[in-house]
Amino acid sequence: MKRDDSFKRGKNNIEMILLNILCDGDCYGYQLSQLVNDYSGLMISIPEGSLYPALYRLQEGGYITAQKRLVGKRLERIYYHIEPSGREYMETLIDDYNHLTTAINNILSHQSTMEGYAE
Amino acid sequence: MNPAAELFMRSVRASFPFFDKEEKRFYNDLYDNVRCYSNFHRNCTTDDLIEYYGEPKDIVMEYYSNVSTPNVYFELVKKARRVAVAMVIAIIMATLLFSMVIITEKLKFDSADNIIHHEETVTAEYERGK
């Protein structure tokens, strides 16, 4: 049986969260990190050193696009916009995440099944 | 952006081992992020920024742990090579300069020995005439 390496893919969780937030509308970097904080009840915060590389990966994959928009007279902000392929990718990531949590729950809820393995 | 935020960003800039296109892109995005924060917290201090974003070196380490590692490794090797080449060139230049100074001084010293400042010859005729 092929071993699933989804447990190693912690980066995918950040991408999934970001894509999910972008489904509600275009956001800029600071706004994304604030929304992650707010939606998670301050339980999850994505450090900027992880946030932007995740956004770059999503951009390189064509899942999101970045647009410079003028805010006020001179200030420009980069807004991220989710593309249709990004929505599909998010569904895949959510499926992976659900499989992983099911697998972890199975481990946590095991009922003393060691007898079969004991020497 | 307030002076504390500017200072914080200078520390972040100084924490990068090298500053190529990718690092510049991240730095500019982080700069915008810090500017937004400082707009919402007008009187923020450097300590506030460190509390919110973390230490500058931690931000940079976090960034590198999220980008492809081989790229970082090769960039560091390239930087080490550039430093080594620069040092060899500097040593060669210093040796050449030192040699030129020594040769110039030696030539000056030798030419000073060859100049006849004053020569007095007392001839026998002069002695007899006297």
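Residues numbered from 1 in each chain as written. Chains lettered and ligands numbered in written order. Predicted model: local features only at pLDDT ≥ 70, side-chain atom pairs only at ≥ 80, totals over all residues. Heavy atoms only, no water.

For this particular structure, what's the right way to read the overall build of chain B?
When you go through chain B residue by residue, the secondary structure sums to 6 helices and 0 strands. When the helices and strands of chain B are placed in sequence order, the string is α-α-α-α-α-α. Looking at the 130 residues of chain B, the share that counts as buried comes to 25%. Residue pairs in contact within chain B that sit at least 24 positions apart in sequence constitute 68% of those at least 6 positions apart. Only carbon and sulfur atoms are counted for the fraction: they give 62% of the accessible area of chain B, which is about 9,600 Å². (Helix = DSSP H or I, 4+ residues; strand = E, 2+ residues; numbered from the N terminus. Buried < 20%, exposed > 50% of the residue type's maximum accessible area, 1.4 Å probe, protein only. Contact = heavy atoms within 4.5 Å. Areas by Shrake-Rupley, 256 points an atom, 1.4 Å probe, with all protein chains shown as cover.)

Just checking my understanding: could you explain the interface of chain B and chain A for this structure?
Where interface size is given, it is often the accessible area lost as the parts come together that is meant. Counting from both sides, the interface comprises 20 residues of chain B and, opposite them, 23 residues of chain A. Summing the contributions of chain B and of chain A, the shared interface buries around 1,700 Å²; its carbon and sulfur component is 51%. Together, Arg-25, Asp-29 and Asn-66 of chain B form the three largest contributors to the area buried by chain B at its contact with chain A, with a combined 31%. For the pair chain B and chain A, the number of links is 1 salt bridge. Put simply, Arg-25 of chain B and Glu-60 of chain A hold a salt bridge, and the shortest N to O gap is 3.9 Å. For the pair chain B and chain A, the interface holds 11 residue pairs in polar contact (both at pLDDT 80 or more). (Buried area = accessible area lost by both parts, 1.4 Å probe. Salt bridge = Lys/Arg side-chain N within 4 Å of Asp/Glu carboxyl O. Polar contact = N/O pair within 3.5 Å; in protein donor to acceptor, adjacent residues only side chain to side chain.)

Would you take a moment to explain helix α1 (residues 3-15) of chain B for this structure?
Each full turn of the α-helix corresponds to 3.6 residues, which orients residues three or four apart in the same direction. All names here are of chain B. The terminal C-alpha atoms of α1, which comprises 13 residues, lie 18 Å apart, in line with the 18 Å expected from a rise of 1.5 Å per residue. Residues of α1 that are buried make contact with α2 (21-40), α3 (46-53) and α4 (56-66). Two or three places before Ala-4, at the start of α1, stands the capping residue Asn-2, its side-chain oxygen 3.1 Å from that residue's backbone nitrogen. (Expected span 1.5 Å × (residues − 1).)

What's the story with the pairing of strand β2 (residues 64-71) of chain A in this structure? I'm lost.
Side chains on a regular strand alternate between the two faces of the sheet. Residue and element names in this part refer to chain A. Inspection of the sheet shows β2 paired to strand β3 (residues 75-82) by 8 bridges, in the antiparallel sense. By the bridge assignment, Ile-64 is partnered in β3 with Ile-82. The turn linking β2 back onto β3 is made up of 3 residues, and Gly-72 within it adopts a positive phi angle of 75°. (Pairing = 2+ DSSP bridges.)

So what exactly am I meant to see when it comes to the sheet that holds strand β1 (residues 27-28) of chain A here?
Working definition: the strands of a sheet are paired by backbone hydrogen bonds and lie parallel or antiparallel to each other. Residue and element names in this part refer to chain A. Strand order in the open sheet formed by 3 strands is β1-β3-β2, with antiparallel pairing between adjacent strands. Two strands lie at the open edges of the sheet, namely β1 and β2, each paired on one side alone. Helix-sheet contacts for helix α3 (residues 48-60) involve β2 and β3, and the interaxial angle to β2 is about 115°. (Axes fitted to C-alpha atoms, helices over the stretch in contact; angles between N-to-C directions.)

Looking at this structure, how should I read the confidence of the model for chain A?
Low pLDDT means the predicted coordinates in that region are not meant to be read closely. In the predicted model, chain A carries a mean pLDDT of 87, and the fraction of residues at 70 or more is 84%. In this model, residues 1-8 of chain A is a region of pLDDT below 50 whose contacts with residues beyond four sequence positions or in other chains number 4 contacts. (pLDDT = per-residue confidence, 0-100.)

Please clarify how a nonpolar patch on the surface should be interpreted in this entry.
Taken together, the side chains of Val-85, Val-88, Ile-89, Ile-92, Met-93 and Leu-96 of chain B define a hydrophobic patch exposed on the protein surface, amounting to about 570 Å² of accessible area. Tracing the backbone shows Ile-89 of chain B in helix α5 (residues 69-114). (Patch = residues over 30% accessible without salt bridge, like charges linked within 9 Å, V, L, I, M, F, W, Y side chains within 5 Å.)

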